[in-house]
Amino acid sequence: MIQNQFDLIVVGAGALGVFHAYHALKAGKTVLLIEKDKRAQEATVRNFGQVVPSGLVPGSEWHQYGRIATALYKEIQQEFNIGIRPNGTCYIASNEQEMTVLEELQQKFAAEDYQSSLWTAAEALAHYPMLQKDYAAGALFFPQEVSAEPEVLIHRVLEYLSFKFEDRFVHRNNCPVVDVAQNGTAVTVQVSDKKEYKAAHCFICSGREFKLLFPEVFAGSGLIVSKLNMMATYPQQHTKLPGNILTGLSIRRYESFSSCDSYALLDPAEVPADCAAYGIHILFKQRIDGSVIIGDSHQYAPIQEQDDLNIFYNDMAINEVMLREAKKIMQLDNWAIAQNWTGFYAQHEDEIFCHTIGDRIHIVTGIGGKGMTTAAGFAQHHVSAILG
Ligand SMILES: Cc1cc2nc3c(=O)[nH]c(=O)nc-3n(C[C@H](O)[C@H](O)[C@H](O)COP(=O)(O)OP(=O)(O)OC[C@H]3O[C@@H](n4cnc5c(N)ncnc54)[C@H](O)[C@@H]3O)c2cc1C
């Protein structure tokens, strides 16, 4: 490989960037991946790590991308430890109406050959004895789904790419890309230390960074940014919470549920006003070290105003509401919070923002709150569409 020349340059080592690189490498291309930070530290490492195609509309292309991504995570895990755990996903209903929605969703997914088990309250409590008895009205369990450790997943996938495609893959960290331009049939990418790289195509998977590259394109893109508050407890001594655990407020939020006719039975007045105001739904995910991640809330701003989302502090009032709701659902042996942090993602009304400049510079961002579930599947489709 000529050192400065590649088939493809990818900007950004989040889930979208790394899996665009992966699929291009699988297709036999030479790839340079460039990340501005020492280690990627944005949405892809700050999230829950819940890989939940069950949250996406049955039969939709995004549900399908989620299935492809899940299969791919499992396949890579067989070969190289990227921290994927096949523990399934459980949605806990808090009342009869939510249970009715779970029943309808199970049927819709069964028609798509996507299996799940419906549990009574007693069965849910038998599987998760730490659930509050007066909360659980039943549950829907998807055994084929997986959870990831977001703080390590993407870094391990990068190690895997270096190991598997060592002769065709280069990645540079700590290296902001400051300019991308097409000249004839080549794209030139300049980084902050003034080095230049050339490629036939460039994917810009820059997450919520809208100031460095093509700000004029982003200004008219319709992208918005969501800020999420997250917390993690200290490692639990006794409580074991296998898999992804989502709750009644998630049933009211995820699009797979709102695609059900019975969703209309859910009374919005049952959602506490502060949860509605802060966009709170309650999810739990136990890390490998035993600590439990609890979240999350959502506050939104157009991209020009994302700096006004109080990016330098976490509003403890929001965390307290989340803890109050979490304690209605779960009994943990230690509720003390060891860490809290914010995460941000870009989202778009078309599910993702893809925009090509010239015919060789391809911006791909705004995958929203479903990127850990779908990016690897979407990237397969997108790389194939653009690179053939
Ligand atoms: C708190 C939280 C919880 C979430 N939970 C889940 C979940 O459980 N399941 C799920 O499916 N999804 C979840 N998501 C969504 C998911 O994390 C995102 O959809 C996904 O990570 C977005 O990936 P990305 O590659 O687009 O962006 P990012 O992860 O933001 O990556 C973009 C990268 O580009 C780099 N970059 C930007 N500009 C440049 C430049 N000029 N030069 C070089 N590098 C650059 C950045 O440094 C960054 O590393 C969650 C998100 C958050 C914030």
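Residues numbered from 1 in each chain as written. Predicted model: local features only at pLDDT ≥ 70, side-chain atom pairs only at ≥ 80, totals over all residues. Heavy atoms only, no water.

1. Description of the overall build of the chain
Applied cut-off: Counting from the N terminus, the helices are DSSP H or I runs at least four residues long and the strands are E runs at least two residues long. Buried, partly exposed and exposed residues are distinguished by accessible area as a fraction of the type maximum, computed with a 1.4 Å probe on protein chains only: under 20%, between the cut-offs, and over 50%, respectively. In this analysis, two residues are considered to be in contact whenever any of their non-hydrogen atoms come within 4.5 Å of each other. Per-residue and other accessible areas were derived by the Shrake-Rupley procedure at a 1.4 Å probe size, with only the shown protein chains allowed to occlude residues. Lys and Arg are tallied as positive, Asp and Glu as negative. Neither His nor the chain termini are counted. To locate a charge, take atom NZ for lysine, CZ for arginine, CG for aspartate or CD for glutamate.
Scanning the chain from N- to C-terminus turns up 12 helices and 19 strands. The C-alpha extent of the chain, read off along each of the three principal axes, is 65 × 40 × 40 Å. Across the 388 residues that make up the chain, the buried fraction comes to 56%. A separation threshold of at least 6 residues defines the contact pool for the chain, and within that pool the share at least 24 residues apart is 77%. Accessible surface, the chain: about 15,900 Å² in total, of which carbon and sulfur atoms supply 50%. When the 31 positive and 44 negative side-chain charges of the chain are each reduced to one mean point, those points stand 7 Å apart.

2. Let's talk about helix H1 (residues 15–26)
Spelled out, the test is: Residue count minus one, scaled by 1.5 Å, sets the expected span of a helix.
In this model H1 runs 16 Å from its N-terminal to its C-terminal C-alpha over 12 residues, within 8% of the 16 Å that 1.5 Å per residue would give. Counting buried positions along H1 gives 11 out of 12 residues, so the element sits mostly inside the fold. Listing the buried residues of H1 in full gives Ala15, Leu16, Gly17, Val18, Phe19, His20, Ala21, Tyr22, His23, Ala24 and Leu25.

3. Re the domain arrangement of the chain
Put simply, an interface is often sized by how much accessible area is lost when its parts join up. How we decide: An automatic or database domain assignment is the source of the domain bounds shown. Simply put, the buried area is the total loss of 1.4 Å probe accessible area from both parts when two parts are fitted together. One speaks of a salt bridge when a side-chain nitrogen belonging to Lys or Arg is within 4 Å of a carboxyl oxygen belonging to Asp or Glu.
Annotation of the chain at the domain level lists domain 1 (1–85 + 145–220 + 351–388) and domain 2 (89–143 + 224–347). Using only C-alpha atoms to locate each centre, domain 1 and domain 2 end up separated by 27 Å. Counting residues at the interface gives 38 residues for domain 1 and 41 residues for domain 2. Of the roughly 3,100 Å² buried where domain 1 meets domain 2, counting both sides, 55% is carbon and sulfur surface. Summed over the shared surface of domain 1 and domain 2, the number is two salt bridges. One salt bridge connects Asp307 with Lys211, and the closest N-O pair in it is separated by 2.9 Å.

4. A short note on the pattern of salt bridges
With the rule as written, the count across this model stands at 17 salt bridges. A salt bridge links Glu42 to Arg46, with the shortest nitrogen-to-oxygen separation between them at 3.6 Å. For Glu42, a relative accessible area of 27% translates into the label partly exposed. Judged by its relative accessible area of 22%, Arg46 is partly exposed. Several salt bridges converge on common partners, so that one network encompasses Asp274, Arg324, Glu325 and Lys328.

5. A word on the packing of helix H3 (residues 61–79) against helix H12 (residues 371–387)
Inclusion rule: Here the axes come from fitting lines to C-alpha atoms, over the contacting stretch only for helices, and the angles between their N-to-C directions go from 0 to 180 degrees. Orientation categories follow fixed angle ranges, with anything under 35 degrees roughly parallel, anything over 145 roughly antiparallel, 65 to 115 roughly perpendicular, and all other angles oblique. Note on residue categories: nonpolar means Ala, Val, Leu, Ile, Met, Phe, Trp, Tyr, Cys or Pro, charged means Asp, Glu, Lys or Arg, and polar means any other residue, Gly included.
As a packed pair, H3 and H12 sit with axes 6 Å apart at the nearest point and diverge in direction by 95 degrees. The orientation of H3 relative to H12 falls into the category roughly perpendicular. For the pair formed by H3 and H12, the contact residues are Trp62, Tyr65, Gly66, Ile68, Ala69, Leu72 and Tyr73 on the first element and Met372, Thr373, Thr374, Ala376, Gly377, Phe378, Gln380 and His381 on the second. Broken down by class, the residue content of the contact of H3 with H12 amounts to nine nonpolar, six polar and no charged.

6. What to know about the site of the ligand
Spelled out, the test is: Proximity criterion: a residue is near a molecule or strand once any of its heavy atoms comes within 4 Å of it. Pairing of N or O atoms within 3.5 Å defines a polar contact, subject to two protein rules: one partner must be a possible hydrogen donor and the other a possible acceptor, and residues neighboring in sequence count only if both atoms are side-chain atoms.
Around the ligand lies a shell of 39 residues, among which Glu35, Thr44, Gln50, Gly368 and Thr373 are the nearest. Note that a nitrogen atom of the ligand is positioned 3.0 Å from one of the backbone N or O atoms of Val177. Contacts to the ligand include Met372, whose backbone N or O atom sits 3.1 Å from an oxygen atom. Protein burial of the ligand: of its 1,000 Å² of free accessible surface, 97% is covered by the chains. Across the shell around the ligand, the residue classes break down as 19 nonpolar, 13 polar and seven charged. For the shell around the ligand, the domains that each give at least three residues are domain 1 (1–85 + 145–220 + 351–388) and domain 2 (89–143 + 224–347).

7. Overview of a nonpolar patch on the surface
The condition is simple: Residues enter a patch when their relative accessible area is above 30% and they make no salt bridge; the linking distance is 9 Å between like charges and 5 Å between nonpolar side chains (Val, Leu, Ile, Met, Phe, Trp, Tyr).
A surface patch of nonpolar side chains, amounting to about 330 Å² of accessible area, comprises Ile311, Phe312 and Tyr313. As for its placement among the helices and strands, Phe312 is situated in the loop between strand S16 (299–302) and helix H11 (316–329).

8. A word on the side chain of His20
Within the element layout of this structure, His20 appears in helix H1. Residues in contact with His20, not counting those within four places in the same chain, are Leu8, Phe203, Cys205, Val364, Phe378, Ala379, His382 and Val383.

9. Regarding the packing of aromatic side chains
We count it as follows: Pairs were defined over the aromatic rings of Phe, Tyr and Trp, the Trp ring being its six-membered one, requiring ring centres within 6.5 Å. Orientation was assigned from the angle between planes: stacked under 30 degrees, edge-to-face over 60, tilted for the rest. Sitting over a ring, as applied to charges here, requires NZ of Lys or CZ of Arg to be within 6 Å of the ring centre and within 35 degrees of the ring normal.
Scanning all chains against the criterion turns up 16 aromatic pairs. Each ring, one from Tyr91 and one from Phe142, has its centre 5.9 Å from the other, and the planes form 85 degrees; the classification is edge-to-face. With Tyr91 in strand S4 (residues 89–93) and Phe142 in strand S6 (residues 138–142), this residue pair connects regions lying 51 residues apart in the sequence. With a relative accessible area of 0%, Phe142 lands in the buried category. A ring pair is formed by Phe210 and Phe218, whose centres lie 4.9 Å apart and whose planes are at 65 degrees; its orientation type is edge-to-face. The buried category is assigned to Phe218, whose relative accessible area is 2%. An aromatic cluster is defined as three or more aromatic residues linked by ring pairs; in this entry it consists of Tyr91, Phe109, Tyr114, Phe142 and Phe257. One residue, Arg208, lies across the ring of Phe344, its end atom 4.0 Å from the ring centre. Directly above the aromatic system of Trp62 lies the positively charged group of Lys370, at a separation of 4.6 Å from the ring centroid.

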